[in-house]
Amino acid sequence: MQAVTLLGATGSIGVSTLDVLARHPDKYQVYALTANRSVDTLFAQCRQFEPEVAVMLDEPSAERLAKQLKMAGIQTQVLAGTQALEQVAESDKTDYVVAAIVGAAGLLPTLAAARAGKHILLANKEALVMSGGLFMHEVEANGATLLPVDSEHNAIWQCLPVGNTQKHHYDGKGVRKIILTASGGPFRDYDLAALEHVTPEQAVAHPNWSMGQKISVDSATMMNKGLEVIEAHWLFGLQSNQIEVILHRQSIIHSMVDYVDGSVLAQMGNPDMRTPIANALAWPNRIDSGVVPLDLVAASRLDFSVADHTFFPCLALAYQALDAGGTNTAILNAANEVAVDAFLHSQIKFTDIARTIEHVLSTMTASDGSTLQQVLADDEQSRQIAAEFIKSNK
Ligand code: NAD
Ligand code: MG
């Protein structure tokens, strides 16, 4: 029996993870569930899974949850705040930590899990984008196991020689490059000029995947793929010129590894996050995920095309930040979070997201990113500059 801490239980990945866990009560037991403010959802999840601990980031929400649980006669202990998130991530009582908080907020608890040597199922790509070097160091120094949940990285993990992260495990085994596939999001067939006028509602309506709001906008701008290029760099120890992005509108091939002998290995399946979640949970074994089997004859076509950096400037910015190194990727991530939030609140246009990030990257001087303090300070400064830019351009 493995004990699981699920950070971000009420989100899209959190709910999919609980769906998989519920299919295997003989293998997994939930130790802790956490959420930001969604009291009612976390209450329902506590009733079903009876975790030992529940954490709400927000203090008043924690009080409400504790009251509801008490009335229902459920024993779960309720904690509040960021410290509590770290506490349940590093607790001796948990084996697996699913990192499914969205954005920079996921960094500290995920780092705590790494320091405690846990099995980390990583959905929160922002942790690697902000501080990949520091994070990978903690993973290796403390004997943690990092299992990618992001569908592309999970696909690559499955296609690599020993199904393991970090280049030293497969160096000399003939990997030429990896190919990340991207659906292209809801605007892939639009004219460049039409992007000026798209709405938040259109942006979050992804053609193939059902996801949280922030990552849905990131998919529309392709910043999501840019963040994934950076994530792949740290996870698999590859340089940016060994990480290619191509458009694949059906989202059936989740990514590929290209070998020097001409072999290209692809991982396929219906676009449902329960597959990579189940894969990471059960690795190196396999368990049922509830995902509908892939019907290739019904799908019938697999199309591929170039990911155009003019049409998707956020993808180009992510490659630039990765090549520039240091905290540039943390700056990129923070500016993107602010810009996406402003777009979702109708304060800026869709095309202003890339403009904001470009402005912040060109204004700030990055540091080498060798300490967490530097990363957090540059993250903070980036948010300020992005917010000022948005205000001054209204
Ligand atoms: P979501 O918005 O649906 O859920 C986010 C979760 O984090 C919620 O439980 C929320 O309560 C919690 N949360 C939000 N802000 C918080 C804060 N400040 N402190 C503590 N908790 C907070 O997001 P999602 O789509 O499930 O994505 C989660 C992560 O997984 C993201 O990093 C995303 O990039 C990654 N990811 C998601 C998908 C997907 O299909 N949804 C696929 C690949 C990777
Ligand atoms: Mg992905």
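One can find the structure itself at the top, above this paragraph.
For the structure given in this document, a descriptive report is provided here. (Residues numbered from 1 in each chain as written. Chains lettered and ligands numbered in written order. Predicted model: local features only at pLDDT ≥ 70, side-chain atom pairs only at ≥ 80, totals over all residues. Heavy atoms only, no water.)

Okay, helix H13 (residues 313–324) next. Look at H13: 16 Å from first C-alpha to last across 12 residues, which is about the 16 Å you get at 1.5 Å a residue. Every buried residue of H13 is accounted for by Cys 314, Leu 315, Ala 316, Leu 317, Ala 318, Tyr 319, Ala 321 and Leu 322. Buried residues belonging to H13 abut helix H9 (213–221), helix H10 (223–236), strand E9 (243–247), helix H14 (328–344) and helix H15 (352–363). Phi turns positive, to about 75 degrees, at Gly 325, one or two residues after H13. (Helix = DSSP H or I, 4+ residues; strand = E, 2+ residues; numbered from the N terminus. Expected span 1.5 Å × (residues − 1). Buried < 20%, exposed > 50% of the residue type's maximum accessible area, 1.4 Å probe, protein only. Contact = heavy atoms within 4.5 Å.)

The end-to-end C-alpha distance of H15, which contains 12 residues, comes to 16 Å, matching closely the 16 Å that a straight helix rising 1.5 Å per residue would cover. Structurally, H15 contributes buried residues whose contacts are with H9, H10, H13, H14 and helix H16 (372–392).

Moving on, we get to the nonpolar core. For soluble globular proteins, nonpolar side chains are generally found buried alongside one another. Among the nonpolar cores identified, the biggest contains 90 residues, and Phe 135, Val 245, Leu 332, Ile 353 and Ile 357 are the most heavily contacted of them. Broken down by element, this core gets its largest block of residues, nine residues, from H14. Residue-level mapping places this core at the junction of two domains, with at least three residues from each of domain 1 (2–148) and domain 2 (159–324). Excluding its chain neighbours within four sequence positions, the residues that come into contact with Ile 357 are Met 223, Cys 314, Leu 317, Leu 332, Ala 335 and Asn 336. (Core = buried A, V, L, I, M, F, W, Y, C linked by side-chain atoms within 4.5 Å. Domains from an automatic or database assignment.)

Moving on, we come to the pairing of strand E3 (residues 53–56). Of the two faces of E3, both are covered, the one formed by Val 53 and Val 55 as well as the one formed by Ala 54 and Met 56. Read from strand E2 (residues 28–35) through helix H2 (residues 39–49) to E3, the crossover connection turns out right-handed. Sheet topology places E3 next to strand E4 (residues 77–80); four bridges connect them, and they run parallel. By the bridge assignment, Val 53 is partnered in E4 with Gln 77. Between the parallel pair E3 and E4, the chain is carried across by helix H3 (residues 59–72), and the sense of this crossover is right-handed. (Right-handed = clockwise from strand over helix to strand, strands pointing away. Pairing = 2+ DSSP bridges.)

Moving on, we get to the pairing of strand E7 (residues 145–148). Two strands pair when backbone bridges link them, and strand E6 (residues 119–122) and E7 are joined in this way by four bridges, in the parallel orientation. Its bridge partner being in E7, His 119 is matched across the sheet by Thr 145. Taking the sense of rotation as the criterion, the β-α-β connection linking E6, helix H6 (residues 126–141) and E7 turns out right-handed.

Near ligand 1 you find 23 residues, and of these Thr 10, Ser 12, Ile 13, Asn 36 and Glu 126 are the closest. Within the backbone of Ile 13, a nitrogen or oxygen atom sits 2.9 Å from an oxygen atom of ligand 1. Gly 212 is positioned such that a nitrogen or oxygen atom in its backbone is 2.9 Å from an oxygen atom of ligand 1. In isolation ligand 1 offers 820 Å² of accessible surface; the protein chains occlude 88% of this area. Classifying every residue of the shell around ligand 1 gives 13 nonpolar, seven polar and three charged. When residues are assigned to domains, the shell around ligand 1 turns out to be shared by domain 1 (2–148) and domain 2 (159–324), each giving three or more. (Near = heavy atom within 4 Å. Polar contact = N/O pair within 3.5 Å; in protein donor to acceptor, adjacent residues only side chain to side chain. Areas by Shrake-Rupley, 256 points an atom, 1.4 Å probe, with all protein chains shown as cover. Nonpolar A, V, L, I, M, F, W, Y, C, P; charged D, E, K, R; others polar.)

Our next topic: the packing of aromatic side chains. By convention here, two paired aromatic rings are described through the distance between centres and the angle between planes. Inspection of every chain in the model, using the stated rule, returns six aromatic pairs. Pairing Phe 187 with Phe 350 gives two aromatic rings, centres 5.1 Å apart and planes at 80 degrees, and the pair type is edge-to-face. Here Phe 187, found in the loop between strand E8 (175–182) and helix H8 (200–203), pairs with Phe 350, found in the loop between H14 and H15; they are 163 residues apart in sequence, far enough to count as distant. Both rings, one in Phe 343 and one in Phe 350, keep their centres 5.6 Å apart while their planes meet at 70 degrees; by these two values the pair is edge-to-face. Classification of Phe 343 by relative accessible area gives buried; the value is 1%. Following the ring pairs from residue to residue traces out a cluster consisting of Phe 187, Tyr 190, Phe 343 and Phe 350. (Phe/Tyr/Trp six-rings, centres within 6.5 Å; stacked < 30°, edge-to-face > 60°.)

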